[in-house]
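# Inside the fold
Spelled out from the first residue to the last, the chains are:
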Amino acid sequence: MKKLLMAAAIATGVMMSSGTGYAQGAKIPDVKLEELRKKSIEHFFKFYDTDGDQAVSKAEFMEVMEKRFAEMDQDANGRVTTEEVLAHHTAMQEKMMKERDAAHQQGGAAQ
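Per chain, the residues get numbers from 1 upward, laid out in the order the sequence is written. With the structure being a predicted model, the display of local features is reserved for residues of pLDDT at least 70 and the display and counting of side-chain atom pairs for 80 or more, all residues being used for whole-chain, interface and lining totals. Side-chain numbers here rest on the full set of heavy atoms in the structure, without hydrogens or water.

### Here's the deal with helix α3 (residues 58-72)
In a regular helix each residue adds 1.5 Å, so 15 residues correspond to 21 Å; α3 covers 21 Å between its end C-alpha atoms and thus fits that length. Regarding α3, the residues found buried are Glu 60, Phe 61, Met 62, Val 64, Met 65, Phe 69 and Met 72. The secondary structure listing takes helices from DSSP runs of H or I that are at least 4 residues long and strands from runs of E that are at least 2 residues long, numbered from the N terminus. A helix is expected to span 1.5 Å multiplied by its residue count minus one. Buried residues are those whose accessible area, probed at 1.4 Å on protein chains only, stays under 20% of the maximum for their type, while exposed residues exceed 50% and partly exposed ones sit between those limits.

See the structure below:
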């Protein structure tokens with residue numbers, strides 16, 4: 001359970017820092033930084049608030065993290081290696097790029 005909680009904390013940190021990590025190395029006006037923070041929080045709730053009550057319970061959070069862990073654990077041995085994380089991350093990037101490209105072809109923007 002401790003390993004799962006650690007994986008959840010790391011994954012959340014990566015997700016939450018992805019929107020602000022860009023801002024750390026570049027000089028971005030406060031308005032854009034605030035917009036990045038807002039989008040990051042909106043994404044967090046869209047992803048974890050599975051019952052739509054505008055709050056994320058520990059159970060909701062853990063359900064999503066357990067599912068994500070299982071997706072990354074390709075050999076189902078209860079451990080996630082760097083290679084498995086990289087493969088999962090690459091697959092997710094490719095999926096998002098395909099969705100974005102499809103949305104652009106349809107004349108809209110990907111959400």
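More follows now that the structure is in view.
### Structural notes on the pattern of salt bridges
Salt bridge, as used here: a side-chain nitrogen of Lys or Arg that lies within 4 Å of a carboxyl oxygen of Asp or Glu. Enumeration over the complete set of coordinates arrives at three salt bridges. Salt-bridge contacts for Glu 34 lead to Arg 37; the nearest nitrogen and oxygen are separated by 3.6 Å. In this pair, Glu 34 and Arg 37 are both assigned in helix α2 (residues 30-48), three residues apart and thus about one turn of the helix distant. Classification of Glu 34 as partly exposed rests on a relative accessible area of 46%. Taking the shortest distance from any N to any O, the salt bridge between Asp 101 and Arg 100 comes out at 3.1 Å.

### Thoughts on the side chain of His 88
Note that His 88 resides in helix α4 (residues 82-105). Owing to a relative accessible area of 12%, His 88 belongs among the buried residues under this scheme. For this analysis, residues touch if any pair of their heavy atoms sits within 4.5 Å. Other than its neighbours up to four places away in sequence, His 88 contacts Arg 68, Glu 71 and Met 72.

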